[in-house]
Amino acid sequence: MEIGKKIRELRMWKGLTQEELAERIDRSTQFISTIERGLAGPSLETVIHLCEVLGTSTEWILRGR
C-alpha cells in the first residue's frame, strides 16, 4: 500500500479530518490532500511527525510492517 493511502487510512481510523491532521503537524490541508492522493511524498521529518500524531511506527508507514 502506498504511503499516502496508509496515512489516509490511519487518519480516518483515528477520526481526524485532513484539516485536523494538518493542524497537528503544522502543515496545510492541501499538503495532506496532496500526500494522500500520492501526488507528492512527505519528507522523512514529516513522516516521523505523522507517525507520532497517528500513533504508528515509521516502519509501518514506509514498509507496511
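Residues numbered from 1 in each chain as written. Predicted model: local features only at pLDDT ≥ 70, side-chain atom pairs only at ≥ 80, totals over all residues. Heavy atoms only, no water.

### Structural notes on the pattern of salt bridges
So, point 1. For the structure on display, the rule yields two salt bridges.
So, point 2. Arg11 is paired through a salt bridge with Glu36; the nearest N and O atoms lie 2.6 Å apart. A residue pair is termed long-range when its members are at least 10 positions apart, and Arg11 in helix H1 (residues 3-13) and Glu36 in helix H3 (residues 29-36) qualify at 25 residues. With respect to burial, Arg11 and Glu36 carry one shared label: buried.
So, point 3. Linking Arg63 and Glu59 is a salt bridge whose minimum nitrogen-to-oxygen distance equals 4.0 Å. With Arg63 and Glu59 both in helix H5 (residues 58-63) and four residues apart, the pair spans about one turn of that helix. (Salt bridge = Lys/Arg side-chain N within 4 Å of Asp/Glu carboxyl O. Helix = DSSP H or I, 4+ residues; strand = E, 2+ residues; numbered from the N terminus. Buried < 20%, exposed > 50% of the residue type's maximum accessible area, 1.4 Å probe, protein only.)

### A few points about the nonpolar core
So, point 1. Ranked by size, the top nonpolar core spans 13 residues in total, and within it Ile7, Leu21, Ile25, Ile32, Leu50, Leu54 and Ile61 carry the most contacts.
So, point 2. At the level of elements, H1, helix H2 (18-24), H3 and helix H4 (44-54) are the ones that each hand at least two residues to this core.
So, point 3. By residue number, the principal contributor to this core is H4, which donates four residues. (Core = buried A, V, L, I, M, F, W, Y, C linked by side-chain atoms within 4.5 Å.)

### So, a nonpolar patch on the surface
So, point 1. A cluster of nonpolar residues, Leu44, Ile48 and Leu62, forms a patch on the protein surface that exposes about 270 Å² of accessible area.
So, point 2. Tracing the backbone through its elements, the reader meets Leu62 in helix H5. (Patch = residues over 30% accessible without salt bridge, like charges linked within 9 Å, V, L, I, M, F, W, Y side chains within 5 Å. Areas by Shrake-Rupley, 256 points an atom, 1.4 Å probe, with all protein chains shown as cover.)

### Regarding the side chain of Glu36
So, point 1. Overall, the relative accessible area of 8% leaves Glu36 in the buried class.
So, point 2. Not counting residues up to four positions away in its chain, the partners in contact with Glu36 are Gly4, Lys5, Ile7, Arg8, Arg11 and Gln18. (Contact = heavy atoms within 4.5 Å.)

### Comments concerning H1
So, point 1. Three or more residues of H1 are buried, namely Gly4, Lys6, Ile7, Leu10 and Arg11. Buried positions in H1, seen along its axis, are confined to an arc of 160 degrees and lie on one side of it.
So, point 2. Here the buried face of H1 lies against H2, H3, H4 and H5. (Arc of directions from axis to C-beta.)

### Topic: the packing of aromatic side chains
So, point 1. With the rule as written, the count across this model stands at zero aromatic pairs.
So, point 2. Directly above the ring of Trp60 sits Lys6, whose terminal nitrogen or CZ lies 5.5 Å from the centroid.
So, point 3. In this structure, Arg27 is placed above the aromatic ring of Phe31, and the distance from its NZ or CZ to the ring centre is 5.8 Å. (Phe/Tyr/Trp six-rings, centres within 6.5 Å; stacked < 30°, edge-to-face > 60°. Lys NZ or Arg CZ within 6 Å of the ring centre and 35° of its normal.)

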